[in-house]
Amino acid sequence: MCKVGIPKEIKNNENRVGMTPAGVAELTRRGHEVFVQHTAGEGSGFSDNDYVKAGAKILPAIEDVYREADMIVKVKEPIEPEYALVRKGQLLFTYFHFACEKELTDAMLQSGAVCLAYETVQLPNGSLPLLQPMSEVAGRMATLNGAYYLQKTKGGKGKLISGVPGVSPARVLVLGGGVVGEAAARMAAGMGAEVTITDVSLPRLRQLDLETPANVHTLYSSEHNIRLQLPTVDIVVGSVLVPGDKTPHLITRDMLKLMEPGTVLVDVAIDQGGCFETSHPTTHSEPVYMEEGIVHYCVANIPGAVPNTSTLALTNATLRYALALADKGWQQACKDDSALAKGLNIVEGKVVFKAVADVFGLPYEPLAL
């Protein structure tokens, strides 16, 4: 039997929760104990009573959940008030994005916990099954938010993304043709924008060219090509990802001068450091700032704005892995599933994910399962 804890998220405006009542029911049906913090699911539309019906025990405080649980299932990385609650040998299963958080990395190393990151669980075909559902939400939301902040009253150019008969639609540039980029491009295309999506993979560009609407155009990603696009674009969605590593800057500070004032930059890669040099993390309470006349939207938990949809989608993806971890223990579960094993980033004081070690110059110690 495994004791699974689901704490309430305490990051700014984070209303998602680590697991739905349906997921809890699957764990309890297999004989595991599940401890849910009081009101943890309310932001996503799930009451304490919903969790009780699924077999969970409700605990009053976050400290109680961390104390009782062998495995913590969360959405976002622990933040500073939680660091002292994490204990040696405890398994944390959540999004971590260590490569842009040295303080978090140091805290988890010191805790002696086992940190298994959703974002680096990787299937043999290279896909990231636990990042995908939130990437799909974030991509769609990136376009919606970009269109919103394009309003003059919000600092933008005052353009309607779709245009109207006789008036051209907005131009949207999407950097990166992965899950986020494709979702952003499809949403923008559906809203009537003229869309260009870039990538460095020609096979991926061919696939996008065949599968996306006619108002989506593909472009090979290079600094030269990006610079040529910037003077005429209205929204730029940054959706580049290097799994587990820090994101490269595709738009530098000097490139802001190429854009018209009121252009909107949406940096979906901000969790991994951001793909615009002038990006810094923002929150849902203060989502944007201006830099050299350019609107920057850099919210680090975009899907948190639609927590009901996001929590349902996330549990759909994570549950099979959470069940395996609870049923078998993390070592056996990772031994049996190489995709899950790639999620291990920090294990009992050691960095076992090379990209994280390289970013911070820390010793890399491959894990022998």
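Relevant structure appears above.
From a predicted model like this one, the values you see are computed outputs, not experimental measurements. (Residues numbered from 1 in each chain as written. Predicted model: local features only at pLDDT ≥ 70, side-chain atom pairs only at ≥ 80, totals over all residues. Heavy atoms only, no water.)

So what's going on with the pattern of salt bridges? Residues and values would help.
Taken as a whole, this structure holds 25 salt bridges when the rule is applied. The partner of Glu9 in a salt bridge is Lys74, with the nearest N and O atoms 2.8 Å apart. Residue Glu9 is located in the loop between strand S1 (3–6) and helix H1 (21–29), and its partner Lys74 is located in the loop between strand S4 (71–73) and helix H4 (80–83); the two are separated by 65 residues in the primary sequence. We classify Glu9 as buried; its relative accessible area is 6%. Looking at Lys74, the relative accessible area reads 2%, which means it is buried. (Salt bridge = Lys/Arg side-chain N within 4 Å of Asp/Glu carboxyl O. Helix = DSSP H or I, 4+ residues; strand = E, 2+ residues; numbered from the N terminus. Buried < 20%, exposed > 50% of the residue type's maximum accessible area, 1.4 Å probe, protein only.)

Run through helix H10 (residues 307–328), naming residues and quoting values.
Taking 1.5 Å as the rise per residue, H10 with 22 residues should run 32 Å; its terminal C-alpha atoms sit 30 Å apart, in good agreement. Trailing H10 by a residue or two, Gly329 shows a phi angle of about 85°, which is positive. (Expected span 1.5 Å × (residues − 1).)

Pulling in residues and values, what's your account of the sheet that holds strand S14 (residues 344–347)?
Picture the strands of a sheet paired through backbone hydrogen bonds; they go either parallel or antiparallel. As summarised here, the arrangement of the 8 strands in space is S3-S2-S1-S4-S5-S6-S14-S15, forming an open sheet in which the pairing is mixed. Two strands close off the open sheet at either side, each with one partner strand: strand S3 (57–59) and strand S15 (350–351). As judged from the 4 bridges shared by S1 and strand S2 (residues 33–37), these two strands associate in the parallel manner. Residue Val4 lies in a different strand from S2, and its bridge partner there is Val34. Helix-sheet contacts for helix H5 (residues 102–111) involve strand S5 (91–94), strand S6 (114–117), S14 and S15, and the interaxial angle to S14 is about 55°. (Pairing = 2+ DSSP bridges. Contact = heavy atoms within 4.5 Å. Axes fitted to C-alpha atoms, helices over the stretch in contact; angles between N-to-C directions.)

Quick one: what's the story with the side chain of Arg16, residue by residue and with numbers?
Checked against the element boundaries, Arg16 lands in the loop between S1 and H1. On the accessibility criterion, Arg16 (3% relative accessible area) is buried. A distance of 2.8 Å separates the side chain of Arg16 from the side chain of Glu14, its partner in a polar contact. With residues near it in sequence (within four places) discarded, Arg16 still touches Glu9, Ala40, Ser44, Val75, Lys76, Met134, Asn301, Pro303, Gly304, Pro307, Ser310 and Thr311. (Polar contact = N/O pair within 3.5 Å; in protein donor to acceptor, adjacent residues only side chain to side chain.)

Explain the packing of helix H6 (residues 132–149) against H10 residue by residue, including any values.
Where H6 contacts H10, the two axes come as close as 8 Å, and the packing angle between them is 155°. Considering their axes alone, H6 and H10 lie roughly antiparallel with respect to each other. Here Pro133, Met134 and Val137 of H6 lie close against H10, whose contacting residues are Ser310, Ala313, Leu314 and Ala317. When grouped by side-chain class, the residues that make up the contact of H6 with H10 number 6 nonpolar, 1 polar and no charged. (Parallel < 35°, antiparallel > 145°, perpendicular 65-115°, else oblique. Nonpolar A, V, L, I, M, F, W, Y, C, P; charged D, E, K, R; others polar.)

Please give an account of the pairing of S2 that cites residues and values.
In terms of burial, S2 is a largely internal element, 5 of the 5 residues being buried. Side chains Glu33, Phe35 and Gln37 project from S2 onto one buried face, and the interleaved Val34 and Val36 project onto a second face that is buried too. A crossover connection joins S1 to the parallel S2 through H1; in handedness this β-α-β unit is right-handed. Regarding topology, helix H2 (residues 48–53) serves as the crossover connection from S2 to the parallel S3, and that connection is right-handed. (Right-handed = clockwise from strand over helix to strand, strands pointing away.)

Provide a residue-level description of the side chain of Thr143, including the pertinent values.
With respect to the helices, strands and loops of the structure, Thr143 is situated in helix H6. The exposure class assigned to Thr143 is buried, which follows from its relative accessible area of 3%. Other than its neighbours up to four places away in sequence, Thr143 contacts Ile161, Ala184, Met187, Ala188 and Met191.

Quick one: what's the story with the environment of Gly238, residue by residue and with numbers?
With respect to the helices and strands, the residue Gly238 is situated in strand S10 (residues 235–238). Through-space distance from the C-alpha of Gly238 to that of Cys275 is 6.1 Å; in sequence the pair is 37 residues apart.

Any details on the environment of Ala56? Residues and values, ideally.
Structurally, Ala56 is set in the loop between H2 and S3. Ala56 sits 274 residues away from Trp330 along the chain, and the two C-alpha atoms are 22 Å apart. With residues near it in sequence (within four places) discarded, Ala56 still touches Val24, Thr28, Val34, Val36 and Tyr51.

Tell me about a nonpolar patch on the surface, and name the residues and values.
A cluster of nonpolar side chains, Leu160, Val164 and Val167, forms an exposed patch at the surface whose accessible area comes to about 270 Å². In this structure Leu160 comes out as exposed when scored by relative accessible area, which is 52%. (Patch = residues over 30% accessible without salt bridge, like charges linked within 9 Å, V, L, I, M, F, W, Y side chains within 5 Å. Areas by Shrake-Rupley, 256 points an atom, 1.4 Å probe, with all protein chains shown as cover.)

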